[in-house]
Structures are given as structure tokens and as C-alpha cells.
Amino acid sequence: MPQHDRVPTEPGEVAIAARNVTFDWADTPLHWMPDEPVASMVINAFNLLLPEGERMFCRTFNEALPLVRDEKLREEMIGFIGQESMHAETHNQVLEEVLRVHGIDIGPYQEQMEFLFRRLLGPDESANPIARHQRLLERLNVIAVLEHFFAWLGVWVLNADLERHRADPRMADLFRWHGAEEVEHRNVAHDVAAYFRIGYLRRTLPIVLAFPIFLLLMLRGAKFLIRQDPNLPNLGHFRLTVRILGAMWRGALPGVPSLLWGMLSMFNPWYSPSNMGSTAQAVAYLATSPATRRAA
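Only a predicted model underlies this, so the values are computations on that prediction, with no experimental measurement involved. (Residues numbered from 1 in each chain as written. Predicted model: local features only at pLDDT ≥ 70, side-chain atom pairs only at ≥ 80, totals over all residues. Heavy atoms only, no water.)

Trainee: What is the right way to read the overall build of the chain from this model?
Mentor: Scanning the chain from N- to C-terminus turns up 11 helices and zero strands. Ordered by position in the sequence, the α and β elements of the chain form the string α-α-α-α-α-α-α-α-α-α-α. For the chain, whose C-alpha radius of gyration is 19 Å, the value lies close to the compact-globule estimate of 19 Å for 296 residues. Expressed as lengths along the three principal axes of its C-alpha atoms, the size of the chain is roughly 50 × 45 × 35 Å. Expressed as a percentage of the 296 residues in the chain, the buried residues total 53%. When contacts within the chain are restricted to residue pairs at least 6 apart in sequence, those whose partners lie at least 24 apart make up 84%. If you sum the accessible surface of the chain, you get close to 13,900 Å²; carbon and sulfur atoms cover 59% of it. Between the centroid of the 29 positive side chains of the chain and the centroid of its 34 negative side chains there is a distance of 5 Å. (Helix = DSSP H or I, 4+ residues; strand = E, 2+ residues; numbered from the N terminus. Rg over C-alpha atoms; globule rule 2.2 N^0.38 Å. Buried < 20%, exposed > 50% of the residue type's maximum accessible area, 1.4 Å probe, protein only. Contact = heavy atoms within 4.5 Å. Areas by Shrake-Rupley, 256 points an atom, 1.4 Å probe, with all protein chains shown as cover. Lys, Arg positive; Asp, Glu negative; His and termini not counted. Charge placed at Lys NZ, Arg CZ, Asp CG, Glu CD.)

Trainee: Got a minute to help me understand helix α5 (residues 169–184) in this structure?
Mentor: Because each turn of an α-helix spans 3.6 residues, side chains separated by three or four positions in sequence point in the same direction. Between its first and last C-alpha atoms α5 spans 22 Å; for 16 residues at 1.5 Å apiece the expected length is 22 Å, and the two agree. Within α5, 14 of the 16 residues are buried, leaving the element largely enclosed by the surrounding structure. (Expected span 1.5 Å × (residues − 1).)

Trainee: Explanation requested: the nonpolar core in the structure shown.
Mentor: Where a protein is soluble and globular, its nonpolar side chains tend to be buried together. Formed by 97 residues in total, the largest nonpolar core has its most connected members in Phe 61, Met 77 and Leu 162. In terms of residue count, helix α4 (residues 129–159) provides more of this core than any other element does, 16 residues in total. When sequence neighbours within four positions are dropped, the list of residues in contact with Leu 162 reads Trp 32, Met 33, Trp 156, Val 157, Ala 167, Ala 172 and Arg 176. (Core = buried A, V, L, I, M, F, W, Y, C linked by side-chain atoms within 4.5 Å.)

Trainee: Explain the packing of aromatic side chains to me, please; I cannot follow it from the model alone.
Mentor: Each aromatic ring pair is characterised by the separation of its centres together with the angle its planes make. For the coordinates displayed, the defined rule picks out 13 aromatic pairs. Geometrically, the ring pair formed by Phe 23 and Trp 177 is tilted, given 6.1 Å between the ring centres and 55° between the ring planes. Taken as a pair, Phe 23 in the segment before α1 (37–64) and Trp 177 in helix α5 lie far apart in primary sequence, 154 residues in all. The pair Phe 23 / Trp 177 is uniform in exposure class, with both members buried. Arranged with centres 5.4 Å apart and planes meeting at 45°, the rings of Tyr 109 and Phe 224 form a pair that is tilted. (Phe/Tyr/Trp six-rings, centres within 6.5 Å; stacked < 30°, edge-to-face > 60°.)

Trainee: Mind showing me how you'd approach the pattern of salt bridges here?
Mentor: If charged atoms from side chains of opposite charge come close, those side chains can pair. Summed over all chains, the structure comprises 13 salt bridges. Ionic pairing is found between Arg 19 and Glu 184, a salt bridge with its closest N-O pair at 3.0 Å. Within this pair, whereas Arg 19 is found in the segment before α1, its partner Glu 184 is found in helix α5, the two being separated by 165 residues in sequence. In this structure, the salt-bridge partner of Arg 118 is Glu 52, at a minimum N-O distance of 2.8 Å. Pair noted here: Arg 118 is in helix α3 (residues 107–120) and Glu 52 is in helix α1, with a separation of 66 residues, a long-range link. Each member of the salt-bridge network shares a partner with another, and the members are Glu 52, Arg 55, Glu 89, Glu 114 and Arg 118. (Salt bridge = Lys/Arg side-chain N within 4 Å of Asp/Glu carboxyl O.)

Trainee: I tried to follow a nonpolar patch on the surface on my own but got confused; where do I start?
Mentor: Where nonpolar side chains cluster on the molecular surface, the patch consists of Leu 205, Val 208, Leu 209 and Ile 213 and spans about 390 Å² of accessible area. Residue position: Ile 213 is located in helix α7 (residues 200–227). Among the residues examined, Ile 213 registers a relative accessible area of 47% and is labelled partly exposed. (Patch = residues over 30% accessible without salt bridge, like charges linked within 9 Å, V, L, I, M, F, W, Y side chains within 5 Å.)

Trainee: Teacher, can you tell me more about the packing of helix α2 (residues 71–99) against helix α6 (residues 188–195) here?
Mentor: Pairs of packed helices are described in terms of their axes, by the angle between the two and the distance that separates them. Relative orientation of the contacting elements α2 and α6 amounts to 135°, with a least axis distance of 10 Å. By the angle class used here, α2 and α6 are oblique. Handedness of the α2/α6 crossing: left-handed. Along the contact surface, α2 presents Leu 73, Glu 76, Met 77 and Phe 80, while α6 presents Val 188, Asp 191, Val 192 and Tyr 195. For the contact of α2 with α6, the residue count by class is six nonpolar, no polar and two charged. (Axes fitted to C-alpha atoms, helices over the stretch in contact; angles between N-to-C directions. Parallel < 35°, antiparallel > 145°, perpendicular 65-115°, else oblique. Left-handed = near helix turned anticlockwise from the far one by under 90°. Nonpolar A, V, L, I, M, F, W, Y, C, P; charged D, E, K, R; others polar.)

Trainee: Teacher, can you tell me more about the side chain of Asn 44 here?
Mentor: Along the chain, the position of Asn 44 falls in helix α1. A distance of 3.1 Å separates a polar atom in the side chain of Asn 44 from a polar atom in the side chain of Trp 32. (Polar contact = N/O pair within 3.5 Å; in protein donor to acceptor, adjacent residues only side chain to side chain.)

Put into C-alpha cells, the structure is as follows:
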């Protein structure tokens, strides 16, 4: 079993700051878990989604920052922006230096993500200040929902035994570094939504929409990658779903019950991200991550 799930006592407050990580992707296999090629492609689909999504997070927080008077929250937002910006650029590097190198044409999917995150989830550009502010609140709310999901995935990947599937150490470190920082800053988007007084009813509506849409985009991303992979059969939706469920059963992907529980927990009126995951575990992994140690 991996050692990153053995954690010390919870620390006090942790300053949120970007880590200037670097990865060498030379000779990284497309099926970076050779025992689980379909699971490899499902997780590779995150690399298609994350760069544009996290750039949207940064743009939205930069738009909201001048409206925040709480200095502690402002500092956390600035740290969040720094970390999310590094996540976006690092996953974009995987697109260019791993997926493209293996002959994957990422252009069509990238265009769709640009339309989704720059247009559909972009700012309101009308002259109406009320409409612009309401659009900002909607985007902050969507970010809070997605950040809950990403922190939940961070908890999973920090505890997943990817080595059992012979995972490439660099790719495993990429997702664990990212997941650890998601756990580290898991409260920020929620606290920003609370600062802007986004209430319970408004907070829960995107949960019903955002989770299914995100999962659909992941499934489409996996199919998009598999269709271009000469070493995998062109699986239909049913056969792909069966393969994914098998990978979940073997621990190469997060399972459906825990996924549903993670989503439903946000409907609790007293929900707090601090109850999910361990800051101590995240900080402990970040202290030993090869990528963050190179950045030190």
C-alpha cells in the first residue's frame, strides 16, 4: 500500500500558496496504468477538462477579488488563484507533451471546452451592473460545487493504491499533487460563496446540474481519447460503461457509491468542506511529492 495515507495530527492554519512544480513527461506512456488502459484514458480525460475549467476559476475569482473586504479571505483567494493557475498550466503541458506526442488530436475537444468555460460560464458583458453581479454569483456558486467534487477526488487519489496497477510515478504524482492542493484549499470557494451570501437553495441547484454534466463530459472525453487510440477497441457507451465499472471495482477509479455520497453530502444545510479529507494528509504528501520537492 502507498505510504501517503499515513497522516500526522491535523495542523493549524495552512497558508495557501502556489508551488512552482515541474514534470518531465519524456517517454510517458499513454496507458500510464498499463494494467488498466481504460481507467488510464478516463483519468487522462481530466487533462482535457481541467486547463480551461481552472482558468475560468481564476478569471472569476479575479473578478470577485475587488469586492471582498475580508483580508484573510482575500489572501486565501489569491493563494487559490495561484494554485489553480499552476494546475491549469501543468495539465495543459500533459496535453501537449503526452497526448499530442501519442498522436491524439486534442483540438476538437479543446474548442468545446473553450466554448463551455469562456462563453457559457464566462462573465456577463452587458451594461447592466445587476446582471453582471448576478452572473458573477452564479459562476462563484458553480466553482464552489465543482471544488467540492475536486476535493473529494483529491481525497480519493491520495488514498488510492495506484501502484497496484503499475501506475507511472510521474502521472501518479501529478494527480496526487493536484489532489493534495485541492484538499488544502477545499474551504476557499465555499467561504467565498458564503461571503457573497449565496444561500442554501441557490447553492444546491447547481449540484443537480453540475455533477451529471461533469460526469458526462468525462465520459465523452474518455470516448474521444479511446476513439483515437489504435491500441484500444472503439467501445460503445454500454461496453465502455462496463469497462469503467470494472476499473472502479478494482480500485483504479473512484466507485459509484462513494461518488454519490460525496455529491449528496452537499445537500446537508450544515455542510462544510472542512469535514471532508485531511489537511494533514495533504500537507504530508506535498512535503514528499517529487514535483514539489523539485520546486523547493
